[in-house]
Amino acid sequence: MLLNAFAMLIGSGGAPRTAIAMGQGDKKQAEKIVSNSFTMLLLFSVVLTIVFYAAAPTLLRLFGASDTTLPYALTYSRIYILGTICVLIVLGMNTFITAQGFAKISMLTTVIGAVINIVLDPILIFGLGMGVKGAAIATVLSQAVGAIWVIRFLTGPKTILKIRKEDMKLEGKIIMPVLALGISTFVMLSTESLLSISFSSSLARYGGDVAVGAMTVITSASQLCTMPISGICQGGQPVMSFNFGAGKKDRVKQAFRFQLTLCLSYTTIFWLLMMLVPGAVAGIFTSDASLIDYTTWAMRIYMAGIFSTGVQIACQQSFMALGQAKVSLLLACLRKLILLIPLIFILPHVVANPVFGVFLAEPVSDIIAATVTATTFFLQFNKILDKGAGKVTDLSGKVAVVTGASGTLCSIFAKALARAGAKVALLGRNMEKLKELANAIEAEGGVAKGYTCNVMNKANCLQVAEEVMADLGPCDILVNGAGGNNPRANTDKEFFEMADLDDDTVTFFDLDESGVEMVFNLN
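Summary of the structure given here. (Residues numbered from 1 in each chain as written. Predicted model: local features only at pLDDT ≥ 70, side-chain atom pairs only at ≥ 80, totals over all residues. Heavy atoms only, no water.)

### Side note on the pattern of salt bridges
Throughout the structure, instances matching the rule amount to eleven salt bridges. The closest approach of N and O atoms between Glu-171 and Lys-32, which form a salt bridge, is 3.6 Å. With Glu-171 in the loop between α6 (131-154) and α7 (172-190) and Lys-32 in helix α2 (residues 27-62), the pair connects residues that are 139 residues apart, well separated along the chain. What makes Glu-171 partly exposed here is its relative accessible area of 24%. Glu-497 serves as the salt-bridge partner of Lys-493, at 3.6 Å between the closest nitrogen and oxygen. Note on Glu-497: relative accessible area 44%, which makes it partly exposed. By sharing partners, the salt bridges in this structure join Arg-335, Glu-362 and Asp-366 into a single network. (Salt bridge = Lys/Arg side-chain N within 4 Å of Asp/Glu carboxyl O. Helix = DSSP H or I, 4+ residues; strand = E, 2+ residues; numbered from the N terminus. Buried < 20%, exposed > 50% of the residue type's maximum accessible area, 1.4 Å probe, protein only.)

Structure representation (structure tokens):
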């Protein structure tokens, strides 16, 4: 789990940054992120291999290994640790394949490793009589094949972004934002063991072995809920990140709504299943009748708030997709470290039945965390989208004059200039529309004023220039958007799609040359 945490520190932090850079059209920056991330994983693998190999006995004791199980655990773990570099490359770099839109290749990385592991396990464990050692070797070999698969793809001709030798030198401005964004996933994964210890110790104290056994079954069952929605969010992340980088706010919103709907629908159905037939679910993981009866009672308590995790994970992962490192870290710590682990030890002293209190900590934490996360997300979502992923030029103190400001394009230009800090003079013929635009800009905290102006009339332009000078100051930026349009120079749709060529849709390739020429001449 700790190796997974370090792999995803880079993978979950670097993939959204890469997709955002691709959306901005900055391929060079995206390739630097990929290459720097690869270098960081190589450094992690060297350090972690040395540290974990030497500290393996102590770590295994810490995680509950007994005198009986320690020799087996040590044999397996040390062989597995020697394959750290393969584990980190597969888990950490596969996310960069997904970020480019190669979902099938990314899926094959996982499938290839799993199939090889399944095939090798019986051969090495039973066929060659290698036992635990064989299981470890099978796992490392399968990860090695996966690592080779990932590296070959990311250095081959089919990938959009390549690992390049010249980009592998670590740069602070590249790798630090990756680490900052990935730290939230690192915290979530690295604290799993601490959470498991907290539950096990409390349940053993108040409920004995049967309570610990029930928790083992419940943990396995809960993965049937959390893993699919995590997969949904991993699939949605590249879509949201790319469109965020490209400034396509509507597409980001559409992707988020779809992701939230899927996650919430799935967790709600799963919650109903847990409430109605928990015994049937428990029976999948154990045949012990007494354990099933106990788990049926415990599962209804533990899973009472699991419907809310769909909202919590969808929103928290969306923060990561939008590159929001600080809030992602805070929300990652909220559920486990701030709420769940303390409540595991507090609630048994508050309620009459201590075991009930331990299990109750989960739904209380789920619902509070989901409420806080969703509230924070919906309060910040539009602000994040309006700010955008790019570095906004600071135009504070500048005066921008926009002619034709009431038009579709120039009204957008005017708003963007105002968001960058410029005072905007809106010139046009329709004062009503200019006032509406000025009000909209001022509502966002900007400064703007409308002026009626016919740009074909020199005297009128000189008069307005004096008014702008008196009201706002001398013009620093001039956007000349006054002019006209022609129906023969317009396409039917804003974005071109290849399928449009096969129907009656008017595309760029169908425009009338004289109509386009008229627009250029007029403007």
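Having seen it, we continue.
### What to know about the environment of Phe-378
Within the fold, Phe-378 resides in helix α15 (residues 354-387). Each C-alpha atom of the pair Phe-378 and Cys-315 lies 8.7 Å from the other, and the pair is 63 residues apart in sequence. The residues touching Phe-378, leaving out its near neighbours within four places in the chain, are Phe-256 and Leu-260. (Contact = heavy atoms within 4.5 Å.)

### Things to note about a negative patch on the surface
Taken together, the side chains of Asp-492, Asp-502, Asp-503, Asp-504 and Asp-510 make up a negatively charged region of the molecular surface. Here Asp-502 lies in the loop between β4 (477-480) and α19 (513-522). (Patch = residues over 30% accessible without salt bridge, like charges linked within 9 Å, V, L, I, M, F, W, Y side chains within 5 Å. Areas by Shrake-Rupley, 256 points an atom, 1.4 Å probe, with all protein chains shown as cover. Lys, Arg positive; Asp, Glu negative; His and termini not counted. Charge placed at Lys NZ, Arg CZ, Asp CG, Glu CD.)

### Structural notes on the side chain of Gln-312
Counting through the fold element by element, Gln-312 comes out in helix α13 (residues 309-321). For Gln-312, a relative accessible area of 9% gives the class buried. Residue contacts for Gln-312: discarding those within four places in its chain leaves Leu-331, Arg-335, Ala-369, Ala-370 and Thr-373.

### Focus on the nonpolar core
In a soluble, globular protein the nonpolar side chains are often hidden away together inside. Membership of the largest hydrophobic core comes to 43 residues, with the highest contact counts inside it found for Phe-44, Leu-48, Leu-88, Met-93 and Leu-154. Going through the elements one at a time, α1 (2-23), α2, α3 (70-82), α4 (84-99), α6 and α7 are the ones with two or more residues in this core. Residue contributions to this core peak at eleven residues, all from α2. Leaving out residues up to four positions away in the same chain, Leu-154 has contacts with Met-93, Ile-97, Gln-100, Thr-159, Leu-161, Lys-162 and Ile-163. Formed by 31 residues, the second largest nonpolar core is a distinct cluster that contains Ala-211, Ala-298, Met-299 and Ala-361. (Core = buried A, V, L, I, M, F, W, Y, C linked by side-chain atoms within 4.5 Å.)

### What about the packing of aromatic side chains?
Under the criterion given, the structure shown has 17 aromatic pairs. Ring centres 5.6 Å apart and planes at 70° place the aromatic pair Tyr-294 and Trp-297 in the edge-to-face group. Of this pair, Tyr-294 and Trp-297 both sit in helix α12 (residues 289-302), three residues apart, which is roughly one turn of that helix. Of the residues examined, Trp-297 reaches a relative accessible area of 34% and is grouped as partly exposed. (Phe/Tyr/Trp six-rings, centres within 6.5 Å; stacked < 30°, edge-to-face > 60°.)

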